[in-house]
There are 2 protein chains.
Amino acid sequence: MNSFSLLMAQKDFHSITTAEIAKTAEVTEGLIYKYFKDKKDLLYQILNEHFFEFQAKIENRIANEKTCVEQLEVIIFSSLESYAANRIFSKILLLEVRNSLDFFESGAYEMVRKYTRTILKIIEKGIETGELKPETNPHILWKVILGAIEHACLGEIIFGREFDIDEVATGIANIVFNGAKA
Amino acid sequence: MNSFSLLMAQKDFHSITTAEIAKTAEVTEGLIYKYFKDKKDLLYQILNEHFFEFQAKIENRIANEKTCVEQLEVIIFSSLESYAANRIFSKILLLEVRNSLDFFESGAYEMVRKYTRTILKIIEKGIETGELKPETNPHILWKVILGAIEHACLGEIIFGREFDIDEVATGIANIVFNGAKA
DNA sequence: CCAATAGGGTAAGTAACACTTACTCACAAT
DNA sequence: ATTGTGAGTAAGTGTTACTTACCCTATTGG
């Protein structure tokens, strides 16, 4: 998994050969298949590991915030921070796993779903307490937030461009919570 | 290209073999390589064709709207409509081409960039005329809108789930322009 | 009128790759 | 002493994207 991550920093999934992984890890190709079902499984396992850490960190931070808006702001900031700090994880999650249906049956995806449910609950609570507009559709709000986060990172991941996390996070939060219209 | 599109409706890019494409098109494998540089090029060409139509349609509709907000609303609605109506195109654009750097040097990507520039201009004009808040960062606003659109379609594309275009479009526009905070 | 050219098309390859098989070795538990 | 097990390997195999060398037909220019 370490060797594969190392190679993922240099090129994309399909350009990496099993021979190359084996050589970098200083084992033989056959051994890979004792630990992983196939090449994709190796990818999913890496994602799983990172996602676990990511989720634990975020849930800790959320617990420190009281209002729904503050919690969502923490999510926006922390997500951007995690994506920016861990390019390989981001690359796998945003660009490599989604095109195969296998992923959506993997354990890694189960974590994504659990995470989504947590956030939907925050939004629903915000609507209940009157913090958010009553006509808000929680699923759509979540899509707007997540979509913005992921799109903000795409340039960084694909072209290696850097961005100001604080600026982007407050920018997204401002639009989503206060609206862009004057 | 027709045969490939047909196959793309059933499975993902890497599960489709050149032999299969050739058989469906009732030609031999070799002929594919007289018309396309490689398998990826075939993918990009399909994207190119659809994107051209998509862009022409949207630019027509934009011309009919006066205010910046109305124009952006048209973009949101039309994008969702196009994605929903053309699953194969969406699948290619949102899931299959992005993981390879080749795409970002292709003609198809040049069209995406041109499209983005058009929209940025609309947003900038909206800030100038005072329709949008002066502190709005155009790039971030565009990322929020595009991210929301793309995320809204992902479920449809990946799982074949259907959604109410009108509801999602007005939902996104409401959040982005008026904000979710009460 | 016919020869040259070129484009549409094919059959039979080839190299590289993901993955498998059948095996060895070390060592711990019964 | 024997058996089982987990780590590891060497040498495959089938499939796949892509290539090569060729054929056939139709237009076009001298």
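Rules used throughout
- Residues numbered from 1 in each chain as written.
- Chains lettered and ligands numbered in written order.
- Predicted model: local features only at pLDDT ≥ 70, side-chain atom pairs only at ≥ 80, totals over all residues.
- Heavy atoms only, no water.
- Contact = heavy atoms within 4.5 Å.
- Buried area = accessible area lost by both parts, 1.4 Å probe.
- Salt bridge = Lys/Arg side-chain N within 4 Å of Asp/Glu carboxyl O.
- Helix = DSSP H or I, 4+ residues; strand = E, 2+ residues; numbered from the N terminus.
- Nonpolar A, V, L, I, M, F, W, Y, C, P; charged D, E, K, R; others polar.
- Near = heavy atom within 4 Å.
- Polar contact = N/O pair within 3.5 Å; in protein donor to acceptor, adjacent residues only side chain to side chain.
- Domains from an automatic or database assignment.

Trainee: Quick question: what am I supposed to make of the interface of chain A and chain B here?
Mentor: As a measure of interface size, the accessible area lost when the parts come together is often cited. Listed as interface residues are 41 residues of chain A and, on the opposing side, 41 residues of chain B. If you sort the residues of chain A by the area they bury against chain B, A:Asn99, A:His151 and A:Lys181 come out on top, with a joint share of 17%. The interface formed by chain A and chain B contains 0 salt bridges. Elements that contribute at least two residues to the side of chain A that touches chain B include exactly α6 (87–96), α8 (138–159) and α9 (165–178) of chain A. Along the lines of polarity and charge, the residues of the side of chain A that touches chain B split into 22 nonpolar, 10 polar and 9 charged.

Trainee: Quick question: what am I supposed to make of the protein's contact with DNA strand C here?
Mentor: Near DNA strand C, the surroundings consist of 13 residues, among which A:Thr18, A:Tyr33, A:Lys39, B:Thr28 and B:Lys34 are the closest. Across the atoms of DNA strand C situated within 4 Å of the protein, the share located in sugar and phosphate is 62%. At a separation of 3.1 Å, a phosphate oxygen of DNA strand C approaches a polar side-chain atom of A:Tyr33. Of all elements in the fold, only α3 (29–35) of chain A together with α3 (29–35) of chain B reach the threshold of two or more residues within the surface near DNA strand C. Looking at the surface near DNA strand C residue by residue, the class counts come to 5 nonpolar, 4 polar and 4 charged.

Trainee: Explain the protein's contact with DNA strand D here, please?
Mentor: DNA strand D sits among 14 residues. The nearest are A:Thr28, A:Lys34, B:Thr18, B:Tyr33 and B:Lys39. Backbone atoms, meaning sugar and phosphate, make up 61% of the atoms of DNA strand D lying within 4 Å of the protein. A distance of 3.0 Å is found between a phosphate oxygen of DNA strand D and a backbone nitrogen or oxygen belonging to A:Thr28. Between DNA strand D and B:Ile16, the relevant distance is 3.2 Å, taken from a phosphate oxygen to a main-chain nitrogen or oxygen of the residue. Listing elements by their share of the surface near DNA strand D, those giving two or more residues are α3 of chain A together with α3 of chain B.

Trainee: How do you make sense of the domain arrangement of chain A when you look at a structure like this?
Mentor: All names here are of chain A. We note that the domain assignment places domain 1 (1–35) and domain 2 (39–178) within chain A. Between the C-alpha centres of domain 1 and domain 2 the distance comes to 28 Å. In this assembly, domain 1 packs against domain 2 so that about 1,200 Å² is buried in total across both faces, 73% of it on carbon and sulfur atoms. By the criterion of area lost to domain 2, the three top residues of domain 1 are Met 1, Met 8 and Phe 13, representing 52% of everything that side buries. Viewed at the interface, domain 2 and domain 1 are joined by 0 salt bridges. There are 5 residue pairs in polar contact (both at pLDDT 80 or more) connecting domain 1 and domain 2. Those elements giving two or more residues to the side of domain 1 that touches domain 2 turn out to be α1 (2–8) and α2 (18–25). The greatest single-element share of the side of domain 1 that touches domain 2, amounting to 3 residues, is contributed by α1.

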